[in-house]
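# Working through the structure, step by step
Below are the chains, spelled out letter by letter.
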Amino acid sequence: MSLLEIKNLHASVNGNEILKGIDLTVNPGEVHSIMGPNGSGKSTLAQVLARRESYQVTGGSVSFAGKDLLERKPEDAACEGLFMAFQYPVEIPGISNAYFLRAALNALRKYRGEDEMDAMDFLPLLREKMRMLEMDERFLNRPVNEGFSGGEKKRNEIVQMAVLEPRLAVLDETDSGLDIDALKIVAKGVNAMRSKDRAMVLVTHYQRLLDYIVPDFVHVLVNGRIVKSGGPELALELEQKGYSWTERELAGARR
Amino acid sequence: MSSTVNQIQDLTQQEYKWGFVTSVDEDRLPPGLNEDVIRAIAAKKGEPEFMLEWRLKSYRYWASQEQKQAEPKWANVKFAPIDYQAISYYSAPKKKKELKSLEEVDPEILDTYTKLGIPLHEQKLLAGVAVDAVFDSVSVATTFKEKLAEAGVIFCSFSEAVKNHPELVKKYLGSVVPHTDNFFAALNSAVFSDGSFVYVPKGVRCPMELSTYFRINAQNTGQFERTLIIADEGAYVSYLEGCTAPIRDENQLHAAVVELIAHDNATIKYSTVQNWYPGDKEGKGGIYNFVTKRGKALGKNSKISWTQVETGSAITWKYPSCILQGDNSVGEFYSVALTNNYQQADTGTKMIHIGKNTKSTVVSKGISAGHGQNTYRGMVKILKGAQGARNYTQCDSLLIGDKCGAHTFPYIEVKNASARMEHEASTSKIGEDQIFYLQQRGISKEEAVSMIINGFCKAVFKELPMEFAVEAQKLLSISLEGSVG
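## With respect to the overall build of chain B
Scanning chain B for helices and strands turns up 13 helices and 23 strands. Looking at chain B as a whole, 56% of its 485 residues are labelled buried. Considering only intrachain contacts with a sequence separation of at least 6, the fraction spanning at least 24 residues in chain B is 84%.

Structural data, given as structure tokens:
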């Protein structure tokens, strides 16, 4: 059974239709990359999947793990195993990273009917994940994302993903704002998370990320529609020819 | 964005959980205030002559102010005029006999405490916390007295202090807040019914946190508490005050006075969690909390620290202050004030630097939700002789929804050029993006809001004793339920 099934999805922001009929099927173990020019609807797709309320779904359906995702509140989607790495991670002053992440993990565990994890068991787990992302221990007690550099914020997102172990991870422009060293660290973290049970959707503008995280499928999103799908070679082709190539091709196909 | 506002509104719409009335036989005076009433109060309490005289001169001062309609009008709050003649100024549960132990306390009263979550039976076991429970105006039970007595600490009701330690009362009463200080302090001085008294002798570190739970029970009874805490040279005491009141339709006046005196090298830490009835969603009812709290850091190296979490009352008018008289003395004020629905709060502090190298810290966190109006009003005054004085003030406001207000009135008066002053202020709105971020990690909307608020208040909560910090966090969540929608 597919993990995520998007059918003819339409969505609007402030009354403007951004997604104009998306179809996408993601199976467990697969890594999909959604590429496209600015304003094509990539981030909107990510936000809709994460159930952000200011994004209105106007048509179509999305099932996640066999259930209607569009019926779910953001926290329930998260508890079902959907994780989104934010393009712009948010600062929460006064709440430490460790406290926040334990609260998140325990919310998920509670939802699944598991016992909550106490701080004694949680801290070693968190430390291990932070080491993987080469994050200093002082970030444990720093308020969530406050005073973090852009790269630190992005790494912190991947630490969270590693702790929460989602079934589906949607990475929204995780590569933006990263220098090459940070990108490699993030990619290492993401690759370590790849497994036959877990799927990922990488939303990105640039091919660069895909040098380090090689996807199984690449989809090109233009003007709210997926206009082309293929294997990793499609990303390289895009890099050479630019997005205008797909747009021209799309225009040609319409004729 | 509008959905966030709706969510915010849902979250704050939680009924007051502590609204119930205990039926206990009361002994109360008919409404009205005149010299006869003052005499009656003093007589009922069997007070010595000096107390009656003090009450009478306070009453005369208050009456002269009332005649001039000098009730303070400067605070940023609005309320209907108070009819002082419609209030009963004394109400006490009828005592059947002297109480020797908790078992003898009226079970209904004990039950009330149980509903409040402070079962005295358990309190007894909870080593480290002594409770002087004030039920309406008369103390009904005091625990841990013996252990305190061993250390030489006096912790008793004000009435007992007047009987057993008149010399201390005489010496310190009104020495920080004189009877002419302000309209409400004068009223309190005239009619105060009871309260707490603490004296920690030289060099003694009080072996436990002292705690008093106040409760306004009788209808139409203004409650006028008076607290006096003295830390002698080198002494230390931490005092906790928590309050809850049942639902009433009519506004109830509460005008308390708290005086703290710290001698050389002494420290007094005073923590308050206040969740009196704030009125209903339409702004009907609720407590008027007009309180004068002031500490005098009299001796060198002395320290007075105020921490308050104010979530209740329809109107709060309160400025716990420090007079930094001794050289090197320290004053602190940490405050969280929350206003929801139609609550109004005008609160802050005064730091008066008199001695050399005196230091003060002010951290104020105001949260406004619903139609709540939250005002910070603070004064930092550096007098001429206060060489090397320092102040740090941080004043942050958080808005939830778009119908509430945050106001800040900082006054700074410096008469010594060596003073160093820092002032930081911020105003922010609780962000939909913050809530969504936490939700995306599996945390429910209500918990997300409560987490964000707790983060905002962290600098204050960390000043509270542990049990109080937990209670304060719960209170904030309860007070805000329904406000984030």
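## Points about the sheet that holds strand S9 (residues 168-172) of chain A
Residue and element names in this part refer to chain A. If you trace the six strands from one edge of the open sheet to the other, you get S6-S9-S10-S3-S11-S12, paired in mixed fashion. The open sheet has two edge strands with one neighbour each: strand S6 (82-85) and strand S12 (225-230). Adjacent strand axes in the sheet meet at a mean angle of 20 degrees, parallel and antiparallel pairs treated alike. Sheet contacts for helix H5 (residues 150-164): S6 and S9; angle to S6, the most-contacted strand, approximately 165 degrees.

## Looking at the sheet that holds strand S4 (residues 55-64) of chain A
Residues and elements named next belong to chain A. Ordered in space as S2-S1-S4-S5, the four strands form an open sheet in which the pairing is antiparallel. The sheet terminates laterally at strand S2 (16-26) and strand S5 (67-68), the two strands that pair on one side only. Of the strand pairs in this sheet, strand S1 (residues 4-13) and S2 are connected by eight bridges, and their pairing is antiparallel. Bridge pairing in S2 links Leu9 to Ile22.

## Considerations on the pairing of strand S19 (residues 359-368) of chain B
Residues and elements named next belong to chain B. In terms of burial, S19 is largely enclosed, as eight of its ten residues are buried. Summarising the sheet, strand S17 (residues 330-339) and S19 pair through ten bridges and their orientation is parallel. What sits directly across from Phe333, in S19, is Val362. Examined bridge by bridge, S19 and strand S21 (residues 390-399) share ten bridges and lie parallel to one another. Within the sheet, the bridge partner assigned to Thr361 lies in S21 and is Tyr392.

## Concerning helix H9 (residues 183-191) of chain B
All names here are of chain B. The element H9 is extensively covered by neighbouring structure, given that nine of its nine residues are classed as buried. Within the span of H9, buried status applies to Phe183, Phe184, Ala185, Ala186, Leu187, Asn188, Ser189, Ala190 and Val191. Next to the buried residues of H9 lie helix H2 (35-44), helix H3 (49-67), strand S8 (226-231), strand S11 (257-262) and strand S13 (287-297).

## Regarding the pairing of S8 of chain B
Residues and elements named next belong to chain B. A large share of S8 lies buried, amounting to six of its six residues. Side chains Arg226, Leu228 and Ile230 of S8 all project onto a buried face; the interleaved residues Thr227, Ile229 and Ala231 project onto the opposite face, where all are buried too. Sheet topology note: the strand S6 (residues 196-200)/S8 ladder contains four bridges and is parallel. Counterpart to Val200 in the pairing with S8 is Ala231. Alignment of S8 against S11, held across six bridges, turns out to be parallel. When the sheet's bridge partners are listed, Thr227 is paired in S11 with Val258.

How each quantity is defined
- Per chain, residue numbering runs from 1 following the sequence as it is written.
- Written order decides the labels, with chains lettered from A and ligands numbered from 1.
- Totals for whole chains, interfaces and linings use all residues, but because this is a predicted model, local features are given only for residues with pLDDT of at least 70 and pairs of side-chain atoms are given and counted only at 80 or more.
- Helix and strand definitions here come from DSSP, where helices need a minimum of 4 consecutive H or I residues and strands a minimum of 2 consecutive E residues; each element is numbered from the N-terminal end.
- Three exposure classes are used. Buried residues have 20 or more other C-beta atoms within 10 Å of their own C-beta, exposed residues have 12 or fewer, and partly exposed residues fall in between, all C-beta atoms being placed from the backbone.
- Contacts here follow a simple rule: the backbone-placed C-beta atoms of the two residues must lie within 7 Å.
- Pairing between strands requires that DSSP locate at least two bridges from one strand to the other.
- Under this scheme, a helix contributes an axis fitted over its contacting stretch, all axes are lines through C-alpha atoms, and angles between N-to-C directions fall in the 0 to 180 degree range.

Read these as layout, nothing more, since geometry by itself doesn't imply function.
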